[in-house]
Each structure stands twice: as structure tokens, then as C-alpha cells.
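# Working through the structure, step by step
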Amino acid sequence: MPTIQWYPGHIAKAERELKKQLKYVDVVLEVLDARIPLASQHPQVSQWIGNKPRLLVINRQDMIPEALHSQWVNYFQRQGIDVYLTDGQQGIGIKPLLKATQKAGEAVNEKRRSRGMRDRAVRAVVIGFPNVGKSALINRLVGRKAVQSGRKAGITRQLKWVRISQQIDLLDAPGVIPPKLEDQKAAIKLAICDDIGEAAYDLQNVAAALVDLLSELETTEIFDQRYNIPVEGLSGESYLATLASQRHNEDQERTARELLNDFRKGLMGKLPLEYPPDYL
Ligand SMILES: Nc1nc2c(ncn2[C@@H]2O[C@H](COP(=O)(O)OP(=O)(O)O)[C@@H](O)[C@H]2O)c(=O)[nH]1
Ligand SMILES: [Mg+2]
């Protein structure tokens, strides 16, 4: 398996600045990608935030089948973790998240009051891998386009505080990526979902890995339907080669980009790349 490693200067800088700001933050919203809620958990977040309250947000809920929603909620709740499913693009699931943020931060004001101090706005930060939808969620939480959000990873370069209401201030942070991607299976899923920069990997390898992964999960009908070539019996690599020769004059790079784009835009349908480990 080819290794995926990517830790450019701007990500390192983002991480340093985020850690500085974390001191001032009361609540952490960690945003995951619904297609890969396990792989999109940043391994160092727990360590960074210590015992600050954390809310898990499974964004891109529209990109997985609805039947999976409650499965993921149950999976995390069994571990005592509160999760919120959202669609940052359409603005779904925002109110409960807003309420929970407010509630999680209330302890701060209780403490202040007990010391005779006045209440202040709860400070929350939104963190996660690049491109999982952090900025889109913030815009939905605030109800206007307060920060930039866009299709490619790396749109948010600066940390930015946004006043959501009298009660909540929210910090938008650039995506963070661990310096070393120890779990390469997770790294490939992040690459497939466009949650790490494209400079990190070879497009053809990742497109082939997508085909292999969907074969493993037995969700390959889409290939017959969309490209008129079934996957059965073919490795991802041979599938890519076959598709390239039938559709794109042997151009495997172009074919790889097409496959990945189709997946990323949801044109293949709602295709999760992970299920809760105890999924029945
Ligand atoms: N389908 C879908 N797209 C989303 C969702 N949330 C964000 N996006 C899109 O994903 C892209 C990346 O979003 P952005 O907010 O910039 O991600 P960030 O890098 O984590 O801040 C944008 O094109 C958003 O419109 C969602 O829940 N569902
Ligand atoms: Mg952003």
C-alpha cells in the first residue's frame, strides 16, 4: 500500500495557533465526516482539550443512508459520547447543536457567578480535518455567511472568532492533520473523501482504493449503473484500467479523477465507507 503523508507548513502553523487559542475555549465541537466517522477523528484532539466538554458533530449526514444515522448515534452514545448529526450545506440539525453548545458552556458562567463575576459569552471552537464542513456549519450556526467555506480543502487559513449571539462566540479554525498518519487505512479514506490535501497522494492509487473498499463493503452496484462496467472479479487497479480504456482513451489519471469526483459530489449515491463496528 502506498503511504500517505502530508504535513505542510500551513497545517503545522494552524495547529500551533489552534493550541494557543484552546486555552481560552470552553467547549470543543469536533466535526467528523459522516462517510468515515472513525477515520475522521483526529487522534490528538482528546489530548489537546483535556477535560473541556466536547461535542461530536457528524456532518455530511446527507451523504449516508438515513438508516445509518441512528446506528452511529447509538454507537457513540454507548461510549458516553454526545453526537449531533448535521448537514452544514442545507442547515439541518443546527438548533440542537446550538443548544448543546450553550448548555455545555454554562458551567463557566456558574463558576463566574459564584465568584461574583458577570456572565460572559461561551467560547466554542470548531475543529476537525480539512474539508469536513467546519466553516459551512459555522455559517449555519450564525445564520449568515460569516466565514469562507468551499469545495476544496484549505479554504480556511486563519483562525477567526465569530459572534453567534450574546451567548456564544465561535472560533473557526483551519483543518488539522496529524503530523504522522499512523493508520494508513484511515488515511486512504480521508483521501477518498477529500479530507486531506490532494498533494498528499497519487490520484490513481486512491481511486483504485475506492473501488476496492466499495467491493469489500459490497456496495458496487453503482459501477454497473453509472459506468456500465461491473466490478465483480476485478481489483480496483484493473477496474481503473478497464474503465480508462473504454471511456477515456487509456487516460487513467483522468478516469481516477472522474471516479473520485463522482464519489465526492455524491453522484454515486449515498455511499458510506464505514459502518459502526458493531453494525448488524
Ligand atoms: N453535502 C454536504 N456538503 C457539505 C456539508 N457541509 C459542508 N459541505 C460542503 O463541503 C465543502 C467544504 O466545506 P467547508 O465548510 O469549507 O469545510 P472546512 O474546510 O471544514 O471548513 C463546501 O463545499 C461545503 O458546501 C454537508 O453537510 N453536506
Ligand atoms: Mg473552513
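As recorded in an unreviewed UniProt entry, the chain goes by Ribosome biogenesis GTPase A and comes from Euhalothece natronophila Z-M001. The record in UniProt for the chain states the following under Function (unreviewed entry): "Required for a late step of 50S ribosomal subunit assembly. Has GTPase activity."

Moving on, we get to the pairing of strand β1 (residues 27–33). Among the seven residues that make up β1, seven are buried, leaving the element largely enclosed by the rest of the structure. Burial along β1 is two-sided: Val27, Leu29, Val31 and Asp33 and Val28, Glu30 and Leu32, pointing in opposite directions, are all buried. In the sheet, β1 pairs with strand β4 (residues 122–127) via four bridges, with the strands oriented parallel. Looking across to β4, one finds that Val28 is bridged to Val125. As defined by bridge partners, β1 adjoins strand β2 (residues 54–59) across six bridges and the pair is classed as parallel. Each bridged residue has a counterpart across the sheet, and for Leu32 the counterpart in β2 is Ile58.

What follows is about the domain arrangement of the chain. Here the domain parsing of the chain yields domain 1 (9–172) and domain 2 (202–264). A separation of 34 Å is found between the C-alpha centroids of domain 1 and domain 2.

What counts and how
Residues numbered from 1 in each chain as written. Chains lettered and ligands numbered in written order. Predicted model: local features only at pLDDT ≥ 70, side-chain atom pairs only at ≥ 80, totals over all residues. Heavy atoms only, no water. UniProt positions renumbered as here; feature names shortened; annotations may be inferred. Buried < 20%, exposed > 50% of the residue type's maximum accessible area, 1.4 Å probe, protein only. Helix = DSSP H or I, 4+ residues; strand = E, 2+ residues; numbered from the N terminus. Pairing = 2+ DSSP bridges. Domains from an automatic or database assignment.

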